[in-house]
Amino acid sequence: MRALQVLGLENSAYAGRALLAAGVALLLCGCQILIPQPQDEYVNGRIRITYWEKWTGFEGDAIKQVVNRFNEMQDRIYVDLITMSQIDQKALIAIAGGDPPDLVGLWSSGLPQFAEKRAVMPLAPFMERAGMRKEDFIQVFIDLNCYRGELYGLPTTPATMALHWNKRMFREAGLDPDRPPRTLAELDEMAARLTKYDAQGHLIQVGFSPGEPGWWPWAWGFWFGGELSNDNEITFDSPENLAAFRWIQSYTKRYGAAEMRRFQSGLSTNFASPQNAFFSEKVAMELQGVWTANFIHQYAPNLEWAAAPFPSAVPGMENVTIAECDCICIPVGTRHPDEAFEFMKFLCSQEGSEMLNMAQQKFTPLKKVSPAFIKNHPNEYIQLFIDLASSPHACHTPDLSIWFEYLDEIAAAFDLVRFGLDTPEHAVSQVQQRASVMWKRAEASIERREQAEGKATP
Amino acid sequence: MTNRERRNLRTGLLFILPWILGFAMFIAYPLGASVYFSLCDYSVLKPPVYVGSANYEELATDPVFWQSMGNTFFFAAIFLPLATALAIALALLLNTGVRGMTIYRTIFFLPSLTPMVALGILWMWMLNGEYGVVNHALNYLLRPFGVEAPTWLQSTTWAKPAIVLMSLWGVGYAVVIYLAALQDVPVQLYEAADLDGARWSSKIWHITLPLLSPAIFFNVVMGLITALQIFALPYVLTNGAGGPGRSTTFYTMYLYNCAFRYLRMGYACAMAWILFLIILGLTLIIHRASRRHVFYAGG
């Protein structure tokens, strides 16, 4: 009480009131901090657009360059670029909390989830107003940005995958270093010749392994003519997908499960490092994306390599690839969707897209490419990746809202088959059964929500 | 209630108001809301739709849920006894009057200060099947008998034991608690035992362990809660995938994936409440068992 006496508050009633007032003041201050305040809407009289993107390093510098160019070329809109990790989860919370950014860069595989929950805006009206056409983009990248036929994002940096092979290892094994395998059977045969064991019988080098790098366990069926879903039905137990899983296990049988595990456990899981299995010449052939050339320049500049379409198991089915892309979307609840789209329009113009993709060492999702882009591109195989994107066999993740659940199911089955712990037949039927249950549940959920919304807005 | 009591109550409430508000906003409300959400189809992005016990019913038939529960109990069942035994053994060793003891104590506590992510990455290299230091040593010992060291994180059988091994690295906190408890054991009891000609094993069994029992009880309860909620280490090691073949998909990892990867917050809330009830039940069982086995000096 001495402190209160000093303040002239010896009377306890006054003291109580003073404390109450202080408490209320504190509470108000707390609210001020806790409740998010909208960021300044204007920067020097220009409308501020907040843009969340995931890229760091040289990829981050590339988008910064495009944003700066846009901010310089006009004086109505100011794009405020914010880089962050785990962008999908942070965007989710921001959108749910009602304080989303004006633009968000997502991965194409996550887009159906956001679109299904109506967390991102359909872009057709914006495209129409801006005079943009879907036909200007390579079809597969538009497909990746659509959910149930409606466009929800635009592709920014696309990627396709191809076979990368080590020419030196080919030469050493007595193979023609300039002739990649043309059928899957040929790849298997070459892989056998490229595989080496030490005196104790341990693997020291493999020609090919479906588990290295193992990033697309769900996609091998594409090279056998399979699909993951068809007309809103899960089709994982198709004969094609089963054939793919049998092929995966053929490598386990060839190397021996324990030996393959031992070899695999010695490989680095860090792609961007000199210990990468392909860069360190432990694996002679790999399925990898358009970005690989850039990392080879950085981590293994002396590697002799080349790229070609990954061969398929079906005669006559050529140029099979996986296509994926980063995309840019307008979250629901933004204050300036039109201004946000204006930046999107620039980013997806030939100028913006070539600037971004040249610096990120990828190709543009647009059909029209300037000759200088191809000529000056640091990846000498860039035309191959562009051609693959336009192939009728460019496959991609299905536009299912349960995709991540389905994917995790396939990944677990892939592991079991790869390590010889399950038969391909059983693994494939398990995935089919579980994913079908998930799919039924998701459809029931959509129906239930539509009913609830229908009741809320008669 | 007299005027004075009423005034005291009011003043008292006023003083704890900041805490009450914080508790209500950040603990009580989310707790209550999670009970409600567990009965809803809730994706975070859309308002929750009430579905009754559907989430709980689905959990009963969800194979991944049962697998993650099995993995978690397997981990806890191995980790908890090992961690307890190791921590007591270390505390006993660090309680001997050897010179430079404070330095040893510091050294044994240091690993507990390593951040989980750094620990995960460090152990990933140490347990590397081909180049790891652990397998290098193991193979040196085992190869003469024709046995190969396991591939740890690449093996569905050995991935969980590998995580147990890594987690044991952090027993330093428990060791400190045991060390403190050991200081409270009266020296006279050991002297009396010495006079009776007791061996060291008898002294540990009949004097040290009974008097350490309150600390053991505390550490077992805390260890159980930590073990059943294991998350960071396997998440970092497997990049959230819980591989190979879901062998390291632990309960809270699956819960996190349901909430933030599959956008099934209602389902994740139901999982959280089941875990809460399991931990509560097990703690009560240990508490009941402790009445017989825990000895409180003077009590």
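The rules behind the values
- Residues numbered from 1 in each chain as written.
- Chains lettered and ligands numbered in written order.
- Predicted model: local features only at pLDDT ≥ 70, side-chain atom pairs only at ≥ 80, totals over all residues.
- Helix = DSSP H or I, 4+ residues; strand = E, 2+ residues; numbered from the N terminus.
- Buried ≥ 20, exposed ≤ 12 C-beta atoms within 10 Å, placed from the backbone.
- Contact = placed C-beta atoms within 7 Å.
- Nonpolar A, V, L, I, M, F, W, Y, C, P; charged D, E, K, R; others polar.
- Domains from an automatic or database assignment.
- Arc of directions from axis to C-beta.
- Pairing = 2+ DSSP bridges.

**Student:** Explain the environment of E130(B) to me, please; I cannot follow it from the model alone.
**Tutor:** Assignment of secondary structure puts E130(B) in the loop between α5 (116-126) and α6 (133-142). A residue is classified by how many C-beta atoms lie within 10 Å of it, and E130(B), with 19 of them, is partly exposed. Sequence spacing of E130(B) and G32(B) is 98 residues, and the spatial spacing of their C-alpha atoms is 50 Å. Apart from residues lying up to four places away in sequence, E130(B) is in contact with R262(A), S265(A) and G266(A).

**Student:** How should I be thinking about the interface of chain A and chain B in this particular structure?
**Tutor:** How large an interface is tends to be reported as the accessible area lost when its parts come together. Listed per partner, the contact involves 30 residues of chain A and 31 residues of chain B. Elements represented by at least two residues in the side of chain A that touches chain B include exactly α2 (12-34), α4 (87-96), α11 (257-265), α17 (403-418) and α18 (424-456) of chain A. Across the side of chain A that touches chain B, the residue classes break down as 15 nonpolar, eight polar and seven charged.

**Student:** I'm lost on the domain arrangement of chain A in this one. Help?
**Tutor:** All names here are of chain A. Per the domain assignment, the segments making up chain A are domain 1 (42-159 + 324-395) and domain 2 (164-321 + 398-442). Between the C-alpha centres of domain 1 and domain 2 there is a distance of 29 Å. Contact residues are listed per partner, giving 22 residues for domain 1 and 17 residues for domain 2. Of all the secondary structure elements, the ones that give two or more residues to the side of domain 1 that touches domain 2 are α5 (111-116), β5 (146-147), α16 (382-389) and β15 (394-395). The element contributing the most residues to the side of domain 1 that touches domain 2 is α16, with four residues.

**Student:** What is the right way to look at α4(A) in this model?
**Tutor:** Residues and elements named next belong to chain A. Of all the positions in α4, only I87, A91, L92 and I95 are classed as buried. All buried residues of α4 project into a common sector of 135° when viewed along the axis, lining one side. Buried residues along α4 sit in contact with β2 (46-53) and β4 (103-107).

**Student:** Which parts of the structure should I look at to understand the environment of Y173(B)?
**Tutor:** Within the secondary structure, Y173(B) sits in helix α8 (residues 172-183). Between the alpha carbons of Y173(B) and V49(B) there is a distance of 44 Å; along the sequence they are 124 residues apart.

**Student:** I keep staring at the pairing of strand β7 (residues 154-166) of chain A and nothing clicks. Help me out?
**Tutor:** Consecutive residues of a regular strand have side chains that alternate between opposite faces of the sheet. Residues and elements named next belong to chain A. The element β7 is largely enclosed, with a buried count of twelve among its 13 residues. By the bridge criterion, five bridges tie β7 to strand β14 (residues 321-329) in an arrangement that is antiparallel. When the bridges of β14 are listed, P158 appears paired with C325. Pairing between β7 and strand β12 (residues 285-289): five bridges, direction antiparallel.

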